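Given next are the chains, with one letter for each unit.
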Amino acid sequence: MIIIGITGTIGAGKGTIVEYLQNKLRFEHFSVRAYLIKELKKRGLEINRDTMTSLANELRSENSPSYITDQLFLEAEKSHKNCIIESVRTPGEITSLREKGAFYLLAVDAPSRLRYDRITLRKSETDHISYDTFLANEEREMSTTDPNKQNLKKCIELADFVLNNQGTVEDLHLQLENILKQINP
């Protein structure tokens, strides 16, 4: 069983990578976002980026920096299939997933204005924000010394492969195919 973790900046193309791996290679998908939304609904809380971030930080603080992805790994393990865990956001999650076996971390990035334009098109619950709010959210998630909070900069640095998604979807798929030849799932 191969586990591919996906990290990256907001709106960089994590979902596009997930779709490709699901459709082309039949990977099972396990989403931190879906996990958090389910938990927010249980608690009767509003679903937005702030509540998701707050809940994720709370769960990590109460349990461990890798708590959420550890829960998703347990689900992935039951599937006995190659899996994707999206979105890895702390170095502790990376360390824990690497200890579990065949794990590869992919990071994806693109220029901020392009990413903002993408999120306004996808229109998810957390994407109805101004460009300034988008930049502030990203800044908050980029780095920290708290192991229980998002540190995208460090996660990207720890990635096995980094994809630059400032071109077409086909360009991104080509980069992904080259990486998959090295991983050989």
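The notes below deal with the structure included here. From a predicted model like this one, the values you see are computed outputs, not experimental measurements. (Residues numbered from 1 in each chain as written. Predicted model: local features only at pLDDT ≥ 70, side-chain atom pairs only at ≥ 80, totals over all residues. Heavy atoms only, no water.)

**Examining the overall build of the protein**
Tallying secondary structure elements over the protein gives 9 helices and 5 strands in all. Beginning at the N terminus, the succession of helices and strands in the protein can be written as β-α-β-α-α-α-β-α-β-α-α-α-β-α. In terms of overall size, the protein behaves like a compact globule, its C-alpha atoms giving a radius of gyration of 16 Å where 185 residues would be expected to give roughly 16 Å. Long-range pairs, those at least 24 residues apart, make up 74% of the contacts in the protein between residues at least 6 apart in sequence. (Helix = DSSP H or I, 4+ residues; strand = E, 2+ residues; numbered from the N terminus. Rg over C-alpha atoms; globule rule 2.2 N^0.38 Å. Contact = heavy atoms within 4.5 Å.)

**Structural notes on the pairing of strand β3 (residues 83-86)**
Judged by which residues are buried, β3 turns out to be covered on both faces: Cys 83 and Ile 85 on one side and Ile 84 and Glu 86 on the other are all buried. In this sheet, β3 lies alongside strand β1 (residues 3-8) in parallel orientation, the contact comprising 4 bridges. Counted as the bridge partner of Gly 5 is Ile 85 from β3. Where strand β2 (residues 28-31) meets β3, 4 bridges bridge the pair, whose relative direction is parallel. When the bridges of β3 are listed, Glu 28 appears paired with Cys 83. (Buried < 20%, exposed > 50% of the residue type's maximum accessible area, 1.4 Å probe, protein only. Pairing = 2+ DSSP bridges.)

**Observations concerning the pattern of salt bridges**
Taken as a whole, this structure holds 14 salt bridges when the rule is applied. One salt bridge in this structure joins Arg 60 and Glu 93, with 3.4 Å as the shortest N-O distance. Of this pair, Arg 60 sits in helix α3 (residues 49-62) while Glu 93 sits in helix α5 (residues 91-98), and the two are 33 residues apart along the sequence. Each member of the pair, Arg 60 as well as Glu 93, carries the same accessibility label: buried. The network of salt bridges with shared partners includes Arg 49, Asp 50, Arg 89, Arg 140 and Glu 141. (Salt bridge = Lys/Arg side-chain N within 4 Å of Asp/Glu carboxyl O.)

**Description of the pairing of strand β4 (residues 103-109)**
For β4, a buried count of 5 out of 7 residues is recorded, marking the element as mostly surrounded by other parts of the structure. Direction of pairing for β1 relative to β4: parallel, over a ladder of 6 bridges. Residue Gly 8 lies in a different strand from β4, and its bridge partner there is Val 108. Pairing geometry for β4 and strand β5 (residues 161-164), over 4 bridges, is parallel. Following the sheet pairing, Ala 107 is matched in β5 by Val 162.

**Some thoughts on the nonpolar core**
Within the largest apolar cluster, 27 residues are counted, with the highest numbers of intra-cluster contacts made by Ile 3, Leu 36, Ile 68 and Ile 85. Looking at this core, the element that brings in the most residues is helix α2 (residues 32-43), giving 5 residues. Aside from chain neighbours lying at most four places away, what touches Leu 36 is Met 52, Leu 55, Ala 56, Leu 59 and Ile 68. By size, the runner-up hydrophobic cluster in this structure holds 19 residues, among which are Ile 6, Ile 17, Phe 27 and Leu 163. (Core = buried A, V, L, I, M, F, W, Y, C linked by side-chain atoms within 4.5 Å.)

**Side note on the environment of Glu 139**
On the secondary structure map, Glu 139 appears in helix α7 (residues 131-142). Taking the C-alpha atoms as reference, Glu 139 lies 28 Å from His 173; in sequence the two are 34 residues apart.

**Let's talk about the packing of helix α1 (residues 14-25) against helix α9 (residues 169-183)**
Packed helices, taken two at a time, are described by the angle their axes make and the gap between the axes. As a packed pair, α1 and α9 sit with axes 11 Å apart at the nearest point and diverge in direction by 60°. It follows that α1 is oblique to α9 by the angle criterion. For α1 against α9, the interelement crossing comes out right-handed. Facing Thr 16, Ile 17, Tyr 20, Leu 21, Lys 24 and Leu 25 of α1, the residues of α9 in contact are Val 169, Leu 172, His 173, Leu 176, Glu 177 and Leu 180. (Axes fitted to C-alpha atoms, helices over the stretch in contact; angles between N-to-C directions. Parallel < 35°, antiparallel > 145°, perpendicular 65-115°, else oblique. Left-handed = near helix turned anticlockwise from the far one by under 90°.)

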